[in-house]
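So the chains spell out like this:
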Amino acid sequence: MNSCSSIPRRSLPALLLPAPALAQARLPAIITTTAMLADAVRALAGPAARVESLMGEGVDPHLFRPTRADTAKLLAADLVVLNGHRLEGRMEEVLARLAAAGRRVLAMAEALPRAELRTHPEYPDAADPHIWMDPLLWAEAAGTLPEALAPLLPRAKLAENLAAYRARLRRLHDYAAAALGGIPNPQRVLVTAHDAFGYFARRYDLAIDSIQGLSTEAEASLIRIEAIVAMLVTRRVPAVFAETSVPDRAVRALIEGAAARGHVVRLGGNLFSDSMGRAGTYTGTLEGMLDHNITTIARALGGTAPAAGLNGRL
Ligand SMILES: [Zn+2]
């Protein structure tokens, strides 16, 4: 006998109503820690999965602590994609719980060969986690996604979407190489609030200096600020940069310090370092975020880039 016939008549409307929600619930649920990771997963999965990042605009992943609701989402997901290499410094407990529960987890940066990653004396047992800053390194890291997504989605579609995502990143890289290549030599120094631009600087041949190290957890030191001010004055660097996910107090101290020594340094702009712009806007995509950074840096340090950026959308 058909089991439906045993359902009391009065409960039928309640059963029928949630049908669209039930259809949606069948889509695989993928939770990422950062929005940059969600950008890559969405590009590969397309509409065939529900992708959500825990961290929104302006959230600092080094300091992020998941709420109880975040933990529940992570434990219920079909796949969790995180960056790794200690970017999510305060999530170790919940990530250990996921591993203990046998949940599927991909640490995208940790899947890259160590030889390609920057090392840092602050973290002898991990590498620099900020891999999304280099479009070509990110394109390579996205190559780990098809394997992780294969149980959820068709492989042919994943390969096609990966190729399209990589083509967009390659175009962004070409733009960056041209725009940043024009910065004159003594000014090829990128000074930021924390050390998030190491891969970016390595790719585009810039020197870097930052007030805080790889993580934003430690306090900025006065000795550090003094040393950077001296370098700015000596090299006549025209601009320094704040970051949207880090308070700009220490960056302003650099500008004041240089002014006190008779060298005008301006605030070149607010860069997206560990967090993208608002969801639904251009800078709320990895392409838009990096376009903003490349264009802002090139224009402030003496390179050439159109004010509206690669796609005329800034
Ligand atoms: Zn960072």
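> In this structure, what is going on with the environment of A207? I would like to understand it.
Take A207: it is sitting in strand β6 (residues 207-212). Beyond its immediate stretch of four places on either side in the chain, A207 contacts R188, V189, L190 and R235.

> Where do I start with the coordination of the zinc ion in this structure?
For a metal bound by four donors in a tetrahedral arrangement, the ideal donor-metal-donor angle is 109.5 degrees, while six donors in an octahedral arrangement ideally sit at 90 or 180 degrees. Protein-derived ligands of the zinc ion are H62 (NE2), H130 (NE2), H194 (NE2) and D274 (OD), with the metal-ligand distances lying across 1.9 to 2.0 Å. Around the zinc ion sit four donor atoms, and with donor-metal-donor angles ranging over 91 to 123° the site reads as tetrahedral. For the zinc ion, the single-chain donor residues occur in sequence as H-x67-H-x63-H-x79-D. Here H130 is found in the loop between β4 (105-107) and α6 (135-141), whereas its partner H194 is found in strand β5 (residues 189-194), with 64 residues between them in sequence. Across this residue pair, the class does not change: H130 and H194 are buried.

> Explain the environment of V233 to me, please; I cannot follow it from the model alone.
Positionally, V233 belongs in helix α10 (residues 222-235). When the C-alpha atoms of V233 and G262 are compared, they prove to be 8.2 Å apart, with 29 residues separating the residues in sequence. Apart from residues no more than four positions distant in its own chain, V233 is found in contact with A258, R261 and H263.

About the criteria used
- Position labels on residues start from 1 in each chain and follow its written sequence.
- In keeping with the predicted nature of the model, local features appear solely for residues at pLDDT of at least 70, side-chain atom pairs appear and are counted solely at 80 or more, and the whole-chain, interface and lining totals rest on all residues.
- Side-chain calculation: all heavy atoms of the structure are included, whereas hydrogens and water are not.
- For helices the rule is a DSSP run of H or I covering at least 4 residues; for strands it is a run of E covering at least 2, with both sets numbered from the N terminus onward.
- Any two residues having at least one pair of non-hydrogen atoms within 4.5 Å are treated as being in contact.
- Metal-coordinating donors are taken as N, O and S atoms lying within 2.8 Å of the metal, or within 3.2 Å when the metal is Na, K or Ca; because water is left out, some sites can appear incomplete.
- For a four-donor site, all angles between 85 and 135 degrees give tetrahedral; for four or six donors, opposite pairs above 155 degrees with the remaining angles between 65 and 115 give square planar or octahedral; all remaining cases count as irregular.
- Accessible area is worked out with a 1.4 Å probe on protein chains only. A residue is then buried under 20% of its type maximum, exposed over 50%, and partly exposed in between.

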